[in-house]
Number of protein chains: 2
Amino acid sequence: MTRADARPGTATVPARPARVLGIDPGTAVTGYGVVAFDGRTATLVECGVIRTHAKEPLPARLHNIHAGIAELIARHQPDTVAVEDVFYAKNVRTTIVLGHARGVILLAAQDAGLVIHEFPPAEIKKAITGNGAATKDQMQFMVAKLLRLKSVPQPADAADGVAAALCACLSPQFAPSAAGLAMRPSSLSRLRP
Amino acid sequence: MTRADARPGTATVPARPARVLGIDPGTAVTGYGVVAFDGRTATLVECGVIRTHAKEPLPARLHNIHAGIAELIARHQPDTVAVEDVFYAKNVRTTIVLGHARGVILLAAQDAGLVIHEFPPAEIKKAITGNGAATKDQMQFMVAKLLRLKSVPQPADAADGVAAALCACLSPQFAPSAAGLAMRPSSLSRLRP
């Protein structure tokens, strides 16, 4: 990767908006969203999902998830990654396998030297909708509102990835040093539609 | 890595014993053991542990575990990796974090193109000691016996990594094609001390 080439750190180069890669980990479907944030306004760059096949052995699925996240990082050069924490599925086995997927996602972010934020699902829901138990529909609706989209992101997992990225932008800890930005209190209101 | 250089696949080169890397995943301590197995006799090549610091963030710890396993694979060129399955800790959070560690271990093995075996802890214990609920002491004792060691492997996590490797050698599915070996029924008895 050529991060240094793509974004020289000299003061003469205008600061570009910070880029946040938000990820909703899953073994079958990992949702993601890339958001550009200038400290006031968040703009959607790309969202989508990384799918793996249930018939493939777990190590092969982990390889595909890791490769997919590494490709997104290489292509979008985010400053920050926001990863949704593991939800506690009723089936403990499902939760543990999800932990495997999340492990390789964190590894890809760490190996790229990115700032990593981790948020519990309820915290993301609350930050985006005001309700920690928001439904998938509510999340999609509010993500579209906050980013001034004409339609809601599809599928819902992609919207969840975008929501994680927005949650990082709204977080008090958010300070993308690479872009020279600092979060201002006004940003919180400016992000609201 | 230079696997092809280190082990040319021509028929004129004598088959070397299969090498099995056994791993007992852990976030704080990952035990490992490398065993050479000629289809009859298993020999310990190396065992030890990869430690991470509790004060480090999880992504940094995952990086260290992944790098440690990748280094072992590059150095020992195993044909097969045997990874202990996640045990269900009383604390669900602990179990999930362990899943993260196991995820990056499976990723390292998959990316190296190795055959991967996964065994539940009780299956490994039963294969090594005859008792699926064997204690750490029993495991260390039997690992030392099976490998004709003068002293038991230390720490216990290292012995658990070796035990996973031995369990693969004893497994009916074990067929290290790279070394041209096939598991024979007699191997089971020959491995017994």
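Everything quoted here is computed from the prediction, not taken from an experiment.

Student: Account for the overall build of chain A, naming residues and giving values.
Tutor: Looking only at helices and strands, one finds 7 helices and 5 strands in chain A. Here chain A holds 193 residues, and 52% of them are scored as buried. For chain A, the share of sequence-separated contacts (at least 6 apart) that also reach a separation of at least 24 residues comes to 62%. As presented, chain A carries roughly 8,600 Å² of accessible surface, and 57% of it is formed by carbon and sulfur atoms.

Student: Requested: an account of unusual backbone geometry, with residues and values cited.
Tutor: A cis amide bond, omega -10°, links A:Q154 with the succeeding residue A:P155. In this fold, A:P155 is placed in the loop between α5 (136–146) and α6 (156–170). Here the phi dihedral of B:Q77 falls at roughly 50°; this positive angle occurs in a residue that is not glycine. Taking relative accessible area as the criterion, B:Q77 reaches 8% and is therefore assigned buried. For B:R148, which is not a glycine, the phi torsion comes out positive at approximately 55°. Within the secondary structure layout, B:R148 lies in the loop between α5 (136–146) and α6 (156–170).

Student: Residues and numbers for the relation of the copies chain B and chain A, please.
Tutor: Relative to chain A, chain B is turned by 180° and slid 0.0 Å along the rotation axis, the superposed coordinates differing by an RMSD of 0.0 Å. With respect to symmetry, the two chain copies, as superposed, fit the operation of a two-fold axis. A share of 100% of the interface residues of chain B reappears at the interface of chain A, consistent with the copies meeting face to face through the same patch.

Student: Explain the packing of helix α4 (residues 121–129) of chain B against α6(B) residue by residue, including any values.
Tutor: All names here are of chain B. Here α4 crosses α6 at 75°, and the two axes come no closer than 9 Å. Between α4 and α6, the angle is such that the two are roughly perpendicular. Within the contact between the two elements, α4 uses E123, I124, A127 and I128 and α6 uses A163, A164, L166, C167 and L170. Split by residue class, the contact of α4 with α6 holds 8 nonpolar, no polar and 1 charged.

Student: Report on the pattern of salt bridges, specifying residues and quantitative values.
Tutor: Applying the stated criterion across every chain yields a total of 14 salt bridges over all chains. In this structure, A:D79 and A:R16 form a salt bridge, with 3.5 Å as the shortest nitrogen-oxygen distance. Highlighted residues: A:D79 in the loop between α2 (58–76) and β4 (80–84) and A:R16 in the loop between α1 (3–6) and β1 (18–24), separated in sequence by 63 residues. Judged by its relative accessible area of 6%, A:D79 is buried. The salt bridge involving A:E46 is made with A:R75; its shortest N-O contact spans 2.8 Å. Pair noted here: A:E46 is in strand β3 (residues 42–51) and A:R75 is in helix α2, with a separation of 29 residues, a long-range link. Taken together, the shared-partner salt bridges connect A:D85, A:R102, A:E118 and B:R93 into one network.

Student: Could you give me a rundown of the environment of B:C167, with the residues and numbers involved?
Tutor: All names here are of chain B. Of note, C167 is situated in helix α6. On the basis of relative accessible area, C167 is assigned to the buried category, the value being 3%. In this structure, the C-alpha to C-alpha distance between C167 and I124, residues 43 residues apart in sequence, is 5.6 Å. Not counting residues up to four positions away in its chain, the partners in contact with C167 are F119, E123, I124, A127 and I128.

Student: Which residues make up the pairing of strand β5 (residues 115–119) of chain A, and what values do they have?
Tutor: Note on strand geometry: in a regular strand, side chains alternate between the two faces of the sheet. All names here are of chain A. Relative to β5, β4 runs parallel, the two sharing 5 bridges. Paired with V81 across the two strands is I116, which belongs to β5. Handedness of the β4-helix α3 (residues 92–111)-β5 crossover: right-handed.

Cut-offs applied
- Residues numbered from 1 in each chain as written.
- Chains lettered and ligands numbered in written order.
- Predicted model: local features only at pLDDT ≥ 70, side-chain atom pairs only at ≥ 80, totals over all residues.
- Heavy atoms only, no water.
- Helix = DSSP H or I, 4+ residues; strand = E, 2+ residues; numbered from the N terminus.
- Buried < 20%, exposed > 50% of the residue type's maximum accessible area, 1.4 Å probe, protein only.
- Contact = heavy atoms within 4.5 Å.
- Areas by Shrake-Rupley, 256 points an atom, 1.4 Å probe, with all protein chains shown as cover.
- Least-squares fit on C-alpha atoms with pLDDT ≥ 70 in both.
- Axes fitted to C-alpha atoms, helices over the stretch in contact; angles between N-to-C directions.
- Parallel < 35°, antiparallel > 145°, perpendicular 65-115°, else oblique.
- Nonpolar A, V, L, I, M, F, W, Y, C, P; charged D, E, K, R; others polar.
- Salt bridge = Lys/Arg side-chain N within 4 Å of Asp/Glu carboxyl O.
- Pairing = 2+ DSSP bridges.
- Right-handed = clockwise from strand over helix to strand, strands pointing away.

Keep in mind these numbers describe shape, not what the thing actually does.
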